[in-house]
Amino acid sequence: MATTDVNTADTARAVRTIDGVVDIIASTAPEIRTGLPGRRVTAEDENPSGETQMAADVFADDLLCERIGALDGVGEYASEERPESVDVGTGRLSVAVDPLDGSSNLKPNNTMGTIFAVYDGPLPAHGRDLVAAGYVLYGPVMTMIVARNGTVDEYVLHDDASHELVREDVSLPDEGSVYGFGGRVPDWTDDFEAFAREVEQDASRKLRYGGSMIGDVNQILTYGGIFAYPTLESAPEGKLRVQFEGYPIGYVIETAGGATSDGTKSLLDVDKDGLHARTPMYVGNTELVAKLEAALD
Ligand code: F6P
């Protein structure tokens, strides 16, 4: 077989695998949601980042690992809930998942998400190795955002495991009208606090912060503006995870025409320093992220 044929065959297989991952996320989300009511309690363990695991985190992770791991073309599966990635086959694509982002919102019954990232290469992978990424938002309606092939689409997920395309080519509105910043205010750096005060002064913007990154980022994708989980005095690397949160959300927002940053460069260019490495995250309209970078300089 000529080299071009091999590449074409590889590409076709990769496309099937990416579509398969998206289908699994879409069809598993209703089951994850149905499984939540009895799992609003803490599990016995902590996750690899030292956070208390909820029974729901473990449940969602087990379901996704089993199903994504069985998919042809996937070689590795990793999640925020496991210390190491799992070898699941011979495929060249790797899938990294945050099974339940914002699971501390489970007790107060607030928004949560499931994030997925498909990398062309072994884990930990680099942001520029991403070939698809997205998330499910468990809100009053279950929706799924998928970035692949240079566009972002939104689907509504149904309880019968089907999904329906509701918005194509999603992009950030030009005029951002909301902002949401995580971490304790006294723990912010002086430069970030000065930037936050400037954003607050603009009468066209409103605070929207719910404590689940996916819920907060989806507000930015819908209304435009800026979300940050910044560098903290007590946590210079911020809180959120590069492989499971920073890269996939960077990919979604940049594909939707927005900008992302770790304070100095695109989230997609952050160094992949281990599977559970963290990064500060700033995502939103290009102009606001540029102002943020200038303020932190
Ligand atoms: O990564 C988990 C997460 O729950 C994010 O979804 C959210 O932005 C952040 O942590 C909130 O953390 P905290 O309540 O500690 O500020």
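All figures in this text were calculated on a predicted structure; none of them were measured in a lab.

### A look at the site of the ligand
Part 1 of the argument: Within the structure, the ligand sits among Asp101, Gly102, Gly211, Ser212, Met213, Tyr229, Lys239, Leu240, Arg241 and Glu245.
Part 2 of the argument: Within the side chain of Tyr229, one N or O atom sits 2.7 Å away from an oxygen atom of the ligand.
Part 3 of the argument: A distance of 3.4 Å is found between an oxygen atom of the ligand and a side-chain nitrogen or oxygen belonging to Arg241.
Part 4 of the argument: About the coverage of the ligand: the protein hides 77% of its 400 Å² of free accessible area.
Part 5 of the argument: Its atoms largely coinciding with the cavity grid, the ligand occupies the largest pocket.
Part 6 of the argument: Grouping the amino acids of the shell around the ligand by side-chain chemistry returns three nonpolar, three polar and four charged.

### Some words on the pattern of salt bridges
Part 1 of the argument: Enumeration according to the criterion identifies 16 salt bridges in this entry.
Part 2 of the argument: Of the charged contacts, one joins Glu193 and Arg197 as a salt bridge, the two residues approaching to 3.2 Å between their closest N and O atoms. Linking Glu193 with Arg197, this pair stays in helix 3 (residues 190–201), spanning four residues, or about one helical turn.
Part 3 of the argument: Using a relative accessible area of 27% as the deciding quantity, one classes Glu193 as partly exposed.
Part 4 of the argument: The partly exposed category is assigned to Arg197, whose relative accessible area is 31%.
Part 5 of the argument: Connected through salt bridges with shared partners, the residues Asp10, Arg92 and Asp120 form a single ionic network.

### So, the pairing of strand 17 (residues 281–284)
Part 1 of the argument: Residues Met281 and Val283 point to one face of strand 17 and Tyr282 and Gly284 to the other, with burial holding for every one of them.
Part 2 of the argument: Taken together, the four bridges between strand 13 (residues 225–229) and strand 17 define a ladder with antiparallel strand orientation. Across the sheet, the residue bridging to Ile226 is Gly284, located in strand 17.
Part 3 of the argument: Relative to strand 17, strand 15 (residues 259–261) runs antiparallel, the two being bridged by three bridges. Residue Thr260 lies in a different strand from strand 17, and its bridge partner there is Val283.

### Some remarks on the layout of surface pockets
Part 1 of the argument: Of the volumes computed, that of the largest pocket is approximately 430 Å³.
Part 2 of the argument: Along the walls of the largest pocket sit 25 residues, with Glu51, Gly102, Ser103, Ser104 and Lys239 positioned nearest its centre.
Part 3 of the argument: Going through the elements one at a time, strand 2 (52–54), strand 5 (93–101), helix 4 (213–223), strand 13 and strand 14 (240–241) are the ones with two or more residues in the lining of the largest pocket.
Part 4 of the argument: A domain split of the lining of the largest pocket shows at least three residues from each of domain 1 (3–167) and domain 2 (178–296).

### Description of the sheet that holds strand 8 (residues 142–148)
Part 1 of the argument: A sheet is described by the order of its strands in space; here eight strands give the open sequence 4-3-5-6-7-8-9-10, paired in mixed fashion. Edge positions in the sheet fall to strand 4 (86–87) and strand 10 (163–167), since each of these pairs with one other strand and no more.
Part 2 of the argument: The sheet contact formed by strand 3 (residues 74–79) and strand 5 spans five bridges and is parallel. Paired with Ala78 across the two strands is Ala96, which belongs to strand 5.

### Digging into the UniProt feature "binding site: Mg(2+) 2" (unreviewed entry) in the chain
Part 1 of the argument: In the numbering used here, UniProt assigns the feature "binding site: Mg(2+) 2" (unreviewed entry) to Asp98, Asp101 and Glu245. Their sequence span is 148 residues, while the largest C-alpha to C-alpha distance among them is just 8.8 Å; these annotated residues converge on one region. From the list above, the largest pocket is lined by Asp98, Asp101 and Glu245.
Part 2 of the argument: Position of Asp98 among the secondary structure elements: in strand 5.
Part 3 of the argument: When residues no more than four places from it in sequence are discounted, the contact partners of Asp98 are Glu80, Glu81, Gly113, Thr114, Ile115, Phe244 and Glu245.
Part 4 of the argument: As for its position among the elements, Asp101 is in strand 5.
Part 5 of the argument: Judged by relative accessible area, which is 4%, Asp101 ranks as buried.

### A few points about the environment of Leu63
Part 1 of the argument: Along the polypeptide, Leu63 turns up in helix 2 (residues 55–69).
Part 2 of the argument: Since its relative accessible area comes to 12%, Leu63 is described here as buried.
Part 3 of the argument: For the pair Leu63 and Ala277, spaced 214 residues apart in sequence, the C-alpha to C-alpha distance is 24 Å.
Part 4 of the argument: Filtering out sequence-adjacent residues up to four positions away, Leu63 remains in contact with Thr28, Glu31 and Ile32.

About the cut-offs
- Residues numbered from 1 in each chain as written.
- Predicted model: local features only at pLDDT ≥ 70, side-chain atom pairs only at ≥ 80, totals over all residues.
- Heavy atoms only, no water.
- Near = heavy atom within 4 Å.
- Polar contact = N/O pair within 3.5 Å; in protein donor to acceptor, adjacent residues only side chain to side chain.
- Areas by Shrake-Rupley, 256 points an atom, 1.4 Å probe, with all protein chains shown as cover.
- 1 Å grid on protein atoms, 1.4 Å probe; cavity = no way out; pocket = protein on both sides within 12 Å on 5 of 7 lines; lining within 4 Å.
- Sits in = over half its atoms within 2 Å of the grid points.
- Nonpolar A, V, L, I, M, F, W, Y, C, P; charged D, E, K, R; others polar.
- Salt bridge = Lys/Arg side-chain N within 4 Å of Asp/Glu carboxyl O.
- Helix = DSSP H or I, 4+ residues; strand = E, 2+ residues; numbered from the N terminus.
- Buried < 20%, exposed > 50% of the residue type's maximum accessible area, 1.4 Å probe, protein only.
- Pairing = 2+ DSSP bridges.
- Points joined across faces, edges and corners; volume = space filled by probe spheres on them.
- Domains from an automatic or database assignment.
- UniProt positions renumbered as here; feature names shortened; annotations may be inferred.
- Contact = heavy atoms within 4.5 Å.

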